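Descriptive structure summary
Read off the chains here:
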Amino acid sequence: MDHEFINWCDARTAQCMAQQKALAADGRGDEARFMQIRANVYGIFRSVCAAMKGDMTQVREKLHAIPAAWEENLRLAEAHNETEKAHIERIKLETTAAIRHYADNLEAEKHD
């Protein structure tokens, strides 16, 4: 199992949750909710890695497959001028891009 990837996802989730709590305490509910969404995305891919027993090839495949639905949701939200839904889908896709970047760098380091 790729513990480094799981630990990174756990750390990012914890960071997001700390920021979410601070934003909520500051009365910034929308921003807190958006930070919660980021935390959830990190949690999703942490769970994927655990379920795939750390097989990063399979994890990277899921990093491309899972966001396909979010991309479609974004397209539909934009077509219907649903700005909040579109923003949520963008957050999911941005977070996935950061996870994909980390996974790619982790794989590259293993081959160096």
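One can find the structure itself at the top, above this paragraph.
Every value quoted in this text rests on a predicted model; they were computed, and no experiment measured them.

1. Looking at the packing of helix α2 (residues 29-51) against helix α4 (residues 83-111)
- In contact at an axis separation of 9 Å, α2 and α4 are set at 40° when each is read in the N-to-C sense. What the angle tells us is that α2 and α4 run oblique. For the pair α2 and α4, the crossing hand works out as right-handed. Contacts from R33, F34, I37, R38, V41, Y42 and F45 of α2 reach α4 at E84, H87, I88, I91, K92, E94, T95, T96, A98 and I99.
- Tallied by class, residues from the contact of α2 with α4 come to nine nonpolar, three polar and five charged.

2. Things to note about unusual backbone geometry
- Located in the positive-phi region is K53, a residue other than glycine, with phi close to 55°.
- By secondary structure assignment, the location of K53 is in the loop between α2 and α3 (56-79).
- A relative accessible area of 64% places K53 in the exposed class.
- One non-glycine residue with positive phi stands out, namely N81, at about 55°.
- Within the secondary structure layout, N81 lies in the loop between α3 and α4.
- For N81, a relative accessible area of 66% corresponds to the exposed category.

3. With respect to the packing of aromatic side chains
- Scanning the entire structure with this criterion turns up five aromatic pairs.
- For the ring pair F5 and W8, a centre distance of 6.5 Å and an interplane angle of 35° mean the geometry is tilted. With F5 and W8 both in helix α1 (residues 3-25) and three residues apart, the pair spans about one turn of that helix. One exposure class covers both F5 and W8, and it is buried.
- Between W8 and Y102, the ring centres sit 4.1 Å apart and the planes meet at 0°, which makes this aromatic pair stacked.

4. Considerations on the environment of I88
- Structurally, I88 can be placed in helix α4.
- On a C-alpha basis, the gap between I88 and A77 in space is 9.8 Å, while along the polypeptide they are eleven residues apart.

5. Topic: the packing of α1 against α2
- For the pair α1 and α2, interaxial distance at closest approach is 8 Å and the crossing angle is 165°. With respect to α2, the axis of α1 lies roughly antiparallel. Note that α1 runs across α2; the crossing there is left-handed.
- Class assignment of the residues belonging to the contact of α1 with α2 gives a composition of 15 nonpolar, five polar and five charged.

Parameters at a glance
- Residues numbered from 1 in each chain as written.
- Predicted model: local features only at pLDDT ≥ 70, side-chain atom pairs only at ≥ 80, totals over all residues.
- Heavy atoms only, no water.
- Axes fitted to C-alpha atoms, helices over the stretch in contact; angles between N-to-C directions.
- Helix = DSSP H or I, 4+ residues; strand = E, 2+ residues; numbered from the N terminus.
- Parallel < 35°, antiparallel > 145°, perpendicular 65-115°, else oblique.
- Left-handed = near helix turned anticlockwise from the far one by under 90°.
- Contact = heavy atoms within 4.5 Å.
- Nonpolar A, V, L, I, M, F, W, Y, C, P; charged D, E, K, R; others polar.
- Buried < 20%, exposed > 50% of the residue type's maximum accessible area, 1.4 Å probe, protein only.
- Phe/Tyr/Trp six-rings, centres within 6.5 Å; stacked < 30°, edge-to-face > 60°.

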